[in-house]
Amino acid sequence: TSITREAEEARVLRQALQDGERIVSLDTARIDGSFVSDRLSDEERDDPDFLVLVESMRESGQQVPILVRPSPAGNGQEEGETRYQVAYGHRRLKAARRLGQPVKAVVKPLSDDELVLAQGKENAERRNLSFIERALFAHTLVGRGFERKLVCDALAVQKSELSRLLQVAEAVPFRFVRDIGPAPKAGRERWMALGALFQNGNGAEIEKATDEV
């Protein structure tokens with residue numbers, strides 16, 4: 001509910017101040033996305049709550065800061081201007097851009113592992129990823145060489161569930177996943193069944209599926 005969300009946002013702000021963290025206002029043009037994507041949704045296309053967030057920020061301002069780190073050395077730095085990389089708060093960042101206003105942020109020097117854990121923690125607490133979004137997130141992290149234990153921690157899953165996520169991400173070609181979208185109501189079983197069809201199908205069948213899409 002909105003009351004629960006507002007209480008949680010107030011708690012986060014208090015904790016940030018208690019920890020001595022400084023909340024700064026940043027130009028959204030200086031902030032890059034995380035090095036690993038975790039969303040298939042495109043603002044309001046697959047995320048109807050995005051417009052609610054935009055209107056809330058328009059009327060009441062941004063209540064909870066996003067978390068960013070200084071961009072890794074050599075990653076798009078401009079002379080005399082620090083760039084940042086977002087760990088969590090991608091939707092709030094997009095909403096601020098839509099409104100053409102600066103975004104409130106806490107800046108922390110995070111390692112890659114810490115950024116991934118922070119990103120996963122936000123997804124678990126605020127707007128859960130769909131099964132296929134979690135599968136792609138896990139697959140990307142493993143492909144980048146992150147330890148599987150860290151990936152499990154970031155997604156708050158056991159090793160067995162991580163194996164199922166990776167199995168689907170490897171079985172279903174990304175072009176189909178992109179066209180289907182986040183499919184929040186599809187669930188694990190349907191995605192695993194689709195993955196099995198691709199694994200067991202022949203080239204002609206997959207070509208036919210491509211034409212159909």
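Residues numbered from 1 in each chain as written. Predicted model: local features only at pLDDT ≥ 70, side-chain atom pairs only at ≥ 80, totals over all residues. Heavy atoms only, no water.

Caption draft 1: Local environment of the pairing of strand β3 (residues 66-70). Among the five residues in β3, four count as buried, and that is most of the element. Direction of pairing for β3 relative to strand β5 (residues 103-107): parallel, over a ladder of three bridges. Bridging from a neighbouring strand, Val-68 pairs with Val-107 of β5. Of the strand pairs in this sheet, β3 and strand β4 (residues 84-88) are connected by four bridges, and their pairing is antiparallel. Paired with Pro-70 across the strands is Tyr-84, a residue of β4. (Buried < 20%, exposed > 50% of the residue type's maximum accessible area, 1.4 Å probe, protein only. Helix = DSSP H or I, 4+ residues; strand = E, 2+ residues; numbered from the N terminus. Pairing = 2+ DSSP bridges.)

Caption draft 2: The sheet that holds strand β1 (residues 23-26), seen in detail. Ordered in space as β1-β5-β3-β4-β2, the five strands form an open sheet in which the pairing is mixed. Each edge of the sheet is formed by a strand with only one pairing partner; in this case those strands are β1 and β2 (31-32). Contacts between helix α3 (residues 90-99) and the sheet are confined to β2, β3, β4 and β5, with β4 contributing the most and set at about 125° to the helix. (Contact = heavy atoms within 4.5 Å. Axes fitted to C-alpha atoms, helices over the stretch in contact; angles between N-to-C directions.)

Caption draft 3: Layout of the environment of Ala-138. Tracing the sequence through the fold places Ala-138 in helix α5 (residues 131-143). Considered as a pair, Ala-138 and Ser-163 are 25 residues apart in the sequence and their alpha carbons are 9.5 Å apart. When near neighbours in sequence (up to four residues on either side) are disregarded, Ala-138 contacts Val-151, Leu-155, Leu-162 and Leu-166.

Caption draft 4: Inspection of the pairing of β1 at higher detail. Alternating positions in β1 separate cleanly, Val-24 and Leu-26 being buried on one face and Ile-23 and Ser-25 remaining unburied on the opposite face. Strand direction decides the pairing type here: β1 and β5, joined by four bridges, are antiparallel. Of the residues in β5, the one forming a bridge with Ser-25 is Lys-104.

Caption draft 5: View of the confidence of the model for the chain. For the chain, the average pLDDT comes to 82, and 78% of its residues sit at 70 or higher. Across the chain, the secondary-structure element scoring lowest on mean pLDDT is helix α1 (residues 2-18), at 60, and the one scoring highest is helix α7 (residues 159-171), at 93. (pLDDT = per-residue confidence, 0-100.)

Caption draft 6: A look at the pattern of salt bridges. A full pass over the atoms with the stated rule returns six salt bridges. Linking Arg-69 and Asp-112 is a salt bridge whose minimum nitrogen-to-oxygen distance equals 2.9 Å. In this pair, Arg-69 is assigned in strand β3 and Asp-112 in helix α4 (residues 112-125), connecting sequence segments 43 residues apart. A residue is classified by how much of its surface remains accessible, and Asp-112, at 37% relative accessible area, is partly exposed. Through salt bridges that share partners, Glu-161, Arg-164 and Arg-188 make up one connected network. (Salt bridge = Lys/Arg side-chain N within 4 Å of Asp/Glu carboxyl O.)

Caption draft 7: Up close: the packing of α5 against α7. Contact geometry for α5 and α7: axes closest at 8 Å, N-to-C directions at 90°. By the angle between their directions, the pair α5 and α7 is classed as roughly perpendicular. Contacts between α5 and α7 involve Phe-131, Ile-132, Arg-134, Ala-135, Leu-136, Ala-138, His-139 and Val-142 from the first element and Glu-161, Leu-162, Arg-164, Leu-165, Leu-166, Val-168, Ala-169 and Glu-170 from the second. The residue makeup of the contact of α5 with α7, split by class, is eleven nonpolar, one polar and four charged. (Parallel < 35°, antiparallel > 145°, perpendicular 65-115°, else oblique. Nonpolar A, V, L, I, M, F, W, Y, C, P; charged D, E, K, R; others polar.)

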